Amino acid sequence: MLRISAHDYAMIGEAFPYLGGKFLVEARRYAGRPLSLFIAASLCLLFPVAHYSVLPFIDSPNHFARHFIVANSLLPAISAYWEVEFTLVPNSAVDLILLVFPKPLDPYLAGRLVLGFSLVNFLAALMVLHRVIWREWSAWPLLGATIAYNGLVFWGFENFFFTLPFALHAISLWLASERWNAAVRLLAMGLAAALLYIGHVFVFACFAAAVGGRELYRLCAEWRSALRQVLMSCFVAAAAFLPPVLHFLFSVFSSEPAHGSGTTFGSALLRLQSLLWLTSGGINAPGEGGLGIAVIALGLFAGAAWLVIRQKIRISPVIIGPIAALVILSLLAPVQFIGVWFVHARIPIMTLALIIPAIRWRDFNRQHQSVIAVFAALLLIGEGIKIGREASVHEAEFAELIEVTKSLPVGARVLPVNGSEVDVPRRWHMPSHLIITRQAFVPSLFQGVHMVRLRDEWLANAHPQAKPLKLSVLRDPETAANMNEWRNQIGAIYWSGWREKFTHILIITQPPAALESLLPVRLVAQGDIYGLYEICAETCER
């Protein structure tokens with residue numbers, strides 16, 4: 001039987017003063033500057049979430065559509081194409097959270113609530129980790145607000161960013177529990193590891209790497225003075241992580257490769273570019289203003305590095321091992337792993353999220369404060385402007401999409417097509433909104449890594465990594481099938497036989513005026529950006 005000693009209770013209270021009897025004392029003591037600034041920073045981050053009704057992130061329409069399918073899986077038009085498997089999938093954080101609500105939430109409201117909570121929880125996790133490392137509260141970790149709207153958020157990696165702050169909390173718990181009873185610690189960390197694994201497997205991998213780095217660092221530094229204690233800590237870590245690791249290995253090697261799966265390591269240059277994902281101004285983050293934001297962010301990071309060299313700031317040795325482990329992991333991580341893209345770009349965010357709270361100032365004068373404050377303010381303002389532009393454009397395009405497709409029959413099968421040579425990333429998954437508004441079928445909804453599964457009879461009609469087709473592919477399929485661009489990008493040619501597989505075509509960029517003379521289609525509705533066409537079975541009546 002597990003027993004928690006008075007010493008264990010004391011350690012919990014010391015590490016997390018907001019628990020137990022110390023809550024009122026700590027709240028009264030720290031209700032000044034750090035708490036006030038935390039509230040102010042949170043409100044700044046929440047303003048775009050509260051102001052705009054539809055989030056302007058690339059993958060978000062697919063996530064919203066998946067939440068709608070899970071909540072409405074019994075609707076005839078939905079169940080005809082998809083089925084929901086309530087099994088252990090290590091990428092289910094938001095899906096499981098939304099199932100807790102007694103009544104299904106509107107998917108757009110749910111997306112905003114999830115993002116808002118994730119942003120505030122991210123800042124809170126930085127504050128708590130700094131408190132655990134340095135045994136004092138500080139406003140310094142709020143600098144993490146400058147990376148809250150990062151490239152991962154702009155790409156809409158919902159489950160990853162929702163789960164990431166909980167990994168930071170788990171690292172705080174791991175550090176705070178180093179002198180706990182081994183059995184109690186194993187129980188707590190085993191539960192934390194299991195929940196993180198279910199939330200998102202890559203967050204779990206980052207957490208495991210950070211804990212492994214900490215234990216290896218302790219083994220090297222304390223093997224003479226506390227070898228037995230460190231070895232016991234290593235055993236607890238290994239035992240806590242073993243069940244999720246075994247489940248993952250069993251899942252990968254005991255089943256057929258998922259539809260659209262693949263693994264690609266990528267070039268060394270991509271590792272360097274992934275650093276720019278720390279803000280929304282990264283090379284792979286869409287929208288205007290990215291270059292300016294990236295320059296400001298690099299200036300801020302360079303200034304922080306200069307202060308480290310000048311020994312104006314100190315990084316706690318407690319975090320050196322985890323940081324080193326995450327750096328190594330980022331160098332070894334593939335760009336694509338079993339069908340999931342941009343795996344390598346997720347790790348720098350976690351690494352910086354450990355570095356910021358691990359910093360403590362020495363001789364922090366007003367000049368240093370002013371420089372850091374100016375760069376941070378410029379970065380936050382730039383992020384706000386960028387989000388506002390993206391959201392305004394996205395809402396206008398969303399409204400046009402709904403207007404153009406309002407007469408689309410429920411349950412229609414829609415093939416997205418790019419009508420021009422211009423590739424607009426924010427529109428790649430816009431057709432997934434039709435799953436919510438018209439219960440339609442679209443071929444590019446994510447598959448294989450969530451609870452939603454496409455029925456077998458429709459697998460030939462879909463590909464989870466496909467961007468909208470170029471119009472030239474439909475006009476000359478034989479030539480397009482031999483193009484390396486399309487063979488490498490899409491793999492399975494889901495669009496072959498498109499006249500039988502789909503009922504409608506949705507043009508997502510500048511519908512051409514003469515499309516009806518090029519393809520057997522009939523115009524249903526057209527706007528400035530989108531155009532909806534019905535596919536004719538034989539020949540269209542003119």
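Definitions and cut-offs
- Residues numbered from 1 in each chain as written.
- Predicted model: local features only at pLDDT ≥ 70, side-chain atom pairs only at ≥ 80, totals over all residues.
- Heavy atoms only, no water.
- Helix = DSSP H or I, 4+ residues; strand = E, 2+ residues; numbered from the N terminus.
- pLDDT = per-residue confidence, 0-100.
- Contact = heavy atoms within 4.5 Å.
- Axes fitted to C-alpha atoms, helices over the stretch in contact; angles between N-to-C directions.
- Parallel < 35°, antiparallel > 145°, perpendicular 65-115°, else oblique.
- Left-handed = near helix turned anticlockwise from the far one by under 90°.
- Nonpolar A, V, L, I, M, F, W, Y, C, P; charged D, E, K, R; others polar.
- Expected span 1.5 Å × (residues − 1).
- Polar contact = N/O pair within 3.5 Å; in protein donor to acceptor, adjacent residues only side chain to side chain.
- Buried < 20%, exposed > 50% of the residue type's maximum accessible area, 1.4 Å probe, protein only.
- Pairing = 2+ DSSP bridges.
- Bend = angle between axes of the 7 residues up to and from the residue.
- Salt bridge = Lys/Arg side-chain N within 4 Å of Asp/Glu carboxyl O.

Caption draft 1: Here's a closer look at unusual backbone geometry. Despite not being glycine, arginine 135 has its phi angle at roughly 60°, a positive value. Here arginine 135 lies in the loop between helix H7 (107-134) and helix H8 (151-154). Of note, the phi angle at glutamine 439 is positive, near 50°, even though the residue is not glycine. Mapped onto the fold, glutamine 439 is located in the loop between helix H18 (433-437) and strand E7 (452-454).

Caption draft 2: Up close: the confidence of the model for the protein chain. Mean pLDDT over the protein chain: 82, with 81% of residues reaching 70 or higher. Every residue in residues 283-287 scores below 50 in pLDDT, and together they form 15 contacts with partners more than four places removed in sequence or on other chains. Scored below 50 in pLDDT, residues 484-491 shows 14 contacts in the model against residues more than four places distant or in partner chains.

Caption draft 3: Quick peek at the packing of helix H9 (residues 158-176) against helix H11 (residues 201-222). Where H9 contacts H11, the two axes come as close as 9 Å, and the packing angle between them is 20°. Relative to H11, H9 is oriented roughly parallel. By crossing handedness, the relation of H9 to H11 is classed as right-handed. Facing H9, whose interface residues are Phe160, Thr163, Leu164, Ala167, Ala170, Ile171, Trp174 and Leu175, H11 presents Phe202, Val203, Phe207, Ala210, Val211, Arg214 and Glu215. Looking at side-chain class alone, the contact of H9 with H11 contains 12 nonpolar, 1 polar and 2 charged residues.

Caption draft 4: Broad picture of helix H10 (residues 182-199). Here H10 is 18 residues long and its end C-alpha atoms lie 25 Å apart, about the 26 Å a rise of 1.5 Å per residue gives. Measuring from the side-chain oxygen of the N-cap residue of H10 to the backbone nitrogen of alanine 183 gives 2.9 Å; that N-cap residue is asparagine 181.

Caption draft 5: Inspection of the pairing of strand E6 (residues 414-418) at higher detail. E6 sits mainly inside the fold: 5 of its 5 residues count as buried. Of the two faces of E6, the one lined by Val414, Pro416 and Asn418 and the one lined by Leu415 and Val417 are each fully buried. Bridge count for E6 against strand E9 (residues 504-507) is 4 bridges, and the pairing is parallel. Among the inter-strand pairings, valine 417 is bridged to a residue of E9, identified as isoleucine 507. Pairing between E6 and strand E8 (residues 469-470): 2 bridges, direction parallel. Paired with asparagine 418 across the two strands is lysine 470, which belongs to E8.

Caption draft 6: A look at helix H12 (residues 227-253). Its 27 residues give H12 an end-to-end C-alpha distance of 37 Å, which sits within 8% of 39 Å, the value for a rise of 1.5 Å per residue. Remark: the principal bend of H12, roughly 40°, maps to leucine 242, with a proline, proline 243, within the next four residues. Buried within H12 we find Val230, Ser233, Val236, Ala237, Ala240, Phe241, Pro244 and Phe248. Contacts from the buried residues of H12 go to H9, H10, H11 and strand E3 (336-337).

Caption draft 7: The pairing of strand E11 (residues 531-535), seen in detail. Across the 5 residues that make up E11, a large majority, 4, are buried. Joining the antiparallel neighbours strand E10 (residues 521-526) and E11 is a turn of 4 residues.

Caption draft 8: Representation of the pattern of salt bridges. One pass over the full model with this rule turns up 13 salt bridges. With a shortest N-O distance of 3.3 Å, glutamate 83 and arginine 455 are connected by a salt bridge. With glutamate 83 in strand E1 (residues 82-84) and arginine 455 in the loop between E7 and E8, the pair connects residues that are 372 residues apart, well separated along the chain. Here arginine 455 falls in the partly exposed class, since its relative accessible area comes to 24%. Two residues, arginine 453 and aspartate 456, come together in a salt bridge whose shortest N-O distance is 2.4 Å. Here aspartate 456 falls in the partly exposed class, since its relative accessible area comes to 48%. The network of salt bridges with common partners includes Glu83, Glu85, Arg453, Arg455 and Asp456.

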